[in-house]
Amino acid sequence: MLTLGVQDLDVAGKRVLVRVDFNVPTDAAGEITDDTRIRAALPTIEHLMHRGARVILMSHFGRPKGKVDERYRLNKVAERLSQLLGKPVIKTDDCIGPETEAAVRKLKPGEVLLLENVRFHPGEEANDPAFARQLAQLGEVFVNDAFGAAHRAHASTTGVAELLPAAAGFLMQKEVEALSRVLTNPERPLMAIVGGAKVSDKIKLLENFLRRVDVLALGGGMANTFFKAQGMEVGSSLVEDDFLEEARRLLAEARERDVKLILPEDVLVAEDLKADARTALVRPQEVPPGWKIVDIGPRTVERIAEEIRKSRTVVWNGPMGVFEVKPFARGTEGVARAMAEAPGTTVVGGGDSVAAVEQVGVSRRISHISTGGGASLEFLEGKELPGVAALAAK
Ligand code: ADP
Ligand code: MG
């Protein structure tokens, strides 16, 4: 896996180029609505500052598609970082070129500079070697702490790693260790809980989990396709008719591998997706025509909670219902609370799943909340992430 960590580098006085994931959510006015990702990079940045490195940070932000887009400048991110560090942060208007190089030359040991959004250049996502060289020449060593961008082979993630001595930052190390421990040599019983909207998004994840887990609980919209695959009518619920066969295959695989499969035994149905819609708790085979399954019911929550209590490791991806609508969030909240009270190791990955756990306010009681979004999902699918592989190959 990862061979070299930021703590192994001799960085005093050196220009250290650090890839971080500052792709934070913002509101319509461009204000940062959640600075978790900035905070998550602080241990690495502070470590480097305190060891007298000249810290040069780079990140992507939004999807400016290879052109300068004023909405995606990192100025607000630099301000927030400066507040969090209690130190000024120098910010350049580009990430390469003569002016950027001049600013880097002026940087003193212990100072921090944030380069402009690397996605303002098409070479970033194209992993163009010339662009990677321009970035790489800004530093003497490279630290990658952007786990959330590790599933992409871009110039600032893999390109630069090939050109400079490279090491993993603390966040990268923490993420890779926590997620690896779920897949390799977990304490057993190992339980996975998978929800979310669509089976099609989660097939690779389900396949990988079926090979490894003792217990698999399914919820969310995804479970509807499994209900229908077993001959149940699910009204107007979200269903993927193209994946019924796939769902049957996964059910058969669970049986073959002796995985204990938990499908919802009760569900909340609603006439539509609005908070004031009429609702009812029914068994999945009793969904009234025209109604939609919007959440798992309390009996299912209790059944999942019981398995969580018996497990030594639990990994969760995908909400149990349409949790964005308050009355349909109870199943997801119940599972989040059971995770918080779990005696074993708990891991939550996936953008919406993490948001749900935070909404309930129990994130501090989860062993590992992955900041990775899509990267976490791909890691749990068993894929090798190029950003991680580039560090391991060194
Ligand atoms: P994550 O981001 O954690 O990987 P997903 O993106 O796969 O999670 O799924 C989250 C989405 O699934 C949410 O927007 C939620 O509303 C939706 N969802 C969950 N249950 C249902 C359901 N029963 N019907 C429709 N959508 C659902
Ligand atoms: Mg999502």
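Throughout this document, residue positions are counted from 1 along each chain, in the order its sequence is written. For naming, the first written chain is A and the first written ligand is 1, with later ones following in the order written. Only residues with pLDDT of at least 70 get local features here, since the model is predicted, and only at 80 or more are side-chain atom pairs given and counted; chain-wide, interface and lining totals rely on the full set of residues. To get the side-chain values, take all heavy atoms of the structure and skip hydrogens and water.

## Focus on the overall build of the chain
So, point 1. Helix and strand definitions here come from DSSP, where helices need a minimum of 4 consecutive H or I residues and strands a minimum of 2 consecutive E residues; each element is numbered from the N-terminal end. Counting secondary structure elements, the chain contains 15 helices and 15 strands.
So, point 2. For a compact globule of 394 residues, the expected C-alpha radius of gyration is about 21 Å, and the chain comes in at 23 Å, within 12% of that figure.
So, point 3. Each principal axis of the C-alpha atoms in the chain carries an extent, and together these give about 70 × 45 × 35 Å.
So, point 4. Here the term buried applies to any residue with accessible area under 20% of the maximum for its type, exposed to any over 50%, and partly exposed to those in between, with areas from a 1.4 Å probe on protein chains only. The buried share of the chain, taken over its 394 residues, is 57%.
So, point 5. Residue pairs in contact within the chain that sit at least 24 positions apart in sequence constitute 73% of those at least 6 positions apart. Radius of gyration: over C-alpha atoms. The globule rule applied is 2.2 Å multiplied by the number of residues raised to the 0.38 power. Whether two residues are in contact is decided by their heavy atoms, any of which lying within 4.5 Å being enough.

## A word on the site of ligand 1
So, point 1. Near ligand 1 there are 18 residues, and of these Lys202, Gly221, Glu324, Asp352 and Ser353 occur at the shortest range.
So, point 2. In this structure, Ala197 approaches ligand 1 through a main-chain N or O atom, which is 3.1 Å from an oxygen atom.
So, point 3. With the chains in place, 82% of the 580 Å² that ligand 1 exposes on its own is no longer accessible.
So, point 4. Top element by residues in the shell around ligand 1 is helix 13 (residues 351-360). It accounts for 3 residues. In these notes, residues near a molecule or strand are those with any non-hydrogen atom within 4 Å of it. Here a polar contact is recorded for every N or O atom pair within 3.5 Å, except that within protein the pair must consist of a potential hydrogen donor and a potential acceptor, and residues adjacent in sequence are included only if both atoms are side-chain atoms. In short, Shrake-Rupley with a 1.4 Å probe defines the accessible areas, and a residue's cover is counted only from the protein chains shown.

## Some thoughts on the packing of aromatic side chains
So, point 1. Centre distance within 6.5 Å is the pairing criterion for rings of Phe, Tyr and Trp, where only the six-membered ring of Trp is used; planes under 30 degrees apart are then read as stacked, over 60 as edge-to-face, and the remainder as tilted. Considering all chains together, one arrives at 2 aromatic pairs under this definition.
So, point 2. Relative to Tyr72, the ring of Phe61 has its centre 5.9 Å away and its plane inclined at 90 degrees; by these criteria the two rings are edge-to-face. Here Tyr72 lies in the loop between strand 2 (54-58) and helix 2 (75-85) and Phe61 lies in the loop between strand 2 and helix 2, a separation of 11 residues in the sequence.
So, point 3. Look at Tyr72 and you get partly exposed, because its relative accessible area is 22%.
So, point 4. Consider the rings of Phe147 and Phe379, whose centres lie 6.2 Å apart with planes at 55 degrees: the pair is tilted. Note that Phe147 is positioned in the loop between strand 5 (141-144) and helix 6 (155-163) and Phe379 in helix 14 (residues 374-380), a separation of 232 residues in sequence.

## A few points about the pairing of strand 13 (residues 313-317)
So, point 1. The buried count for strand 13 comes to 5 of 5 residues, which makes it a mostly enclosed element.
So, point 2. Alternating residues of strand 13 divide into Thr313, Val315 and Asn317 and Val314 and Trp316, and every residue in both groups is buried.
So, point 3. Two strands are counted as paired when DSSP detects at least two bridges linking them. Across 5 bridges, strand 7 (residues 190-194) lies against strand 13 in parallel orientation. Bridging across to strand 13, Val194 finds its partner in Asn317.

## Regarding the sheet that holds strand 7
So, point 1. Spatially, the 6 strands line up as an open sheet ordered 9-8-7-13-14-15, and their pairing is parallel. The open sheet is flanked by strand 9 (260-262) and strand 15 (368-369), the only strands paired with a single partner.
So, point 2. As defined by bridge partners, strand 14 (residues 345-348) adjoins strand 15 across 2 bridges and the pair is classed as parallel. Across the sheet, Val347 pairs through a bridge with His368, a residue of strand 15.

## Comments concerning the packing of helix 11 (residues 298-310) against helix 12 (residues 330-340)
So, point 1. Axis definition: a line fitted to C-alpha atoms, limited for helices to the stretch in contact. Angles are taken between N-to-C directions and run from 0 to 180 degrees. Across the interface, helix 11 lies against helix 12 with an axial gap of 9 Å and an inter-helix angle of 20 degrees. In terms of axis orientation, helix 11 runs roughly parallel to helix 12. The interaxial crossing formed by helix 11 with helix 12 has right-handed handedness. On helix 12, the residues touching Val301, Ile304, Ala305 and Ile308 of helix 11 are Gly331, Gly334, Val335, Ala338 and Met339.
So, point 2. In the scheme used here, Gly and all other residues not listed as nonpolar or charged are polar, with Ala, Val, Leu, Ile, Met, Phe, Trp, Tyr, Cys and Pro taken as nonpolar and Asp, Glu, Lys and Arg as charged. Here the residues of the contact of helix 11 with helix 12 are counted per class, giving 7 nonpolar, 2 polar and no charged. Orientation is classified from the angle alone, with under 35 degrees giving roughly parallel, over 145 giving roughly antiparallel, 65 to 115 giving roughly perpendicular, and any other angle giving oblique. Each crossing gets its hand from how the near helix is turned against the far one by less than a right angle, where anticlockwise is left-handed and clockwise is right-handed.

## Quick look at the packing of helix 5 (residues 129-136) against helix 6
So, point 1. At a minimum axis distance of 9 Å, the contact between helix 5 and helix 6 shows a crossing angle of 75 degrees. Our classification of the angle between helix 5 and helix 6 gives roughly perpendicular. Taken together, the residues of helix 6 that come into contact with helix 5 (itself represented by Phe131, Ala132, Arg133, Leu135 and Ala136) are Ala155, Ser156, Gly159, Val160 and Leu163.

## Focus on the environment of Leu377
So, point 1. Structurally, the position occupied by Leu377 is in helix 14.
So, point 2. A relative accessible area of 19% places Leu377 in the buried class.
So, point 3. Separated by 175 residues in sequence, Leu377 and Lys202 place their C-alpha atoms 8.7 Å apart.
So, point 4. Aside from chain neighbours lying at most four places away, what touches Leu377 is Asp201, Lys202, Leu205 and Asn317.

## Examining the domain arrangement of the chain
So, point 1. Boundaries of every domain are those given by an automatic assignment or by a domain database. Partitioning the chain into structural domains gives domain 1 (6-174) and domain 2 (186-380).
So, point 2. Domain 1 and domain 2 are separated by 36 Å when their C-alpha centres are compared.
So, point 3. Taken together, the contacts link 9 residues of domain 1 with 11 residues of domain 2.
So, point 4. Accessible-area loss on putting two parts together, using a 1.4 Å probe and summing over both, is the definition of buried area adopted here. Interface area, domain 1 with domain 2, both sides summed: about 720 Å², of which 61% is carbon and sulfur.
So, point 5. Considering only the surface of domain 1 that becomes buried against domain 2, Arg37, Phe147 and His151 emerge as the three largest contributors, covering 59% of it.
So, point 6. Salt bridges are counted wherever a side-chain nitrogen of Lys or Arg sits within 4 Å of a carboxyl oxygen of Asp or Glu. Linking domain 1 to domain 2 there are 1 salt bridge.
So, point 7. Scanning the region where domain 1 abuts domain 2 turns up 1 residue pair in polar contact (both at pLDDT 80 or more).
So, point 8. Of the residues contributing to the side of domain 1 that touches domain 2, the split by class is 3 nonpolar, 2 polar and 4 charged.

## Observations regarding the pattern of salt bridges
So, point 1. Going through the model one piece at a time under the given rule, you end up with 32 salt bridges.
So, point 2. Of the charged contacts in the structure, one is a salt bridge between Asp21 and Arg37, with a shortest N-O distance of 3.4 Å. You can see Asp21 sitting in the loop between strand 1 (15-19) and helix 1 (36-50) and its partner Arg37 sitting in helix 1, a full 16 residues away along the chain.
So, point 3. For Arg249, the salt bridge is made with Glu246, and the minimal N-O distance between the two is 2.5 Å. With Arg249 and Glu246 both in helix 10 (residues 244-256), this residue pair falls 3 residues apart, about one helical turn.
So, point 4. The class of Arg249 is partly exposed, set by a relative accessible area of 36%.
So, point 5. Glu246 gets classed as partly exposed once you look at its relative accessible area, which sits at 22%.
So, point 6. Each of Glu207, Glu246, Arg249, Glu253 and Arg257 takes part in one network of salt bridges that share partners.

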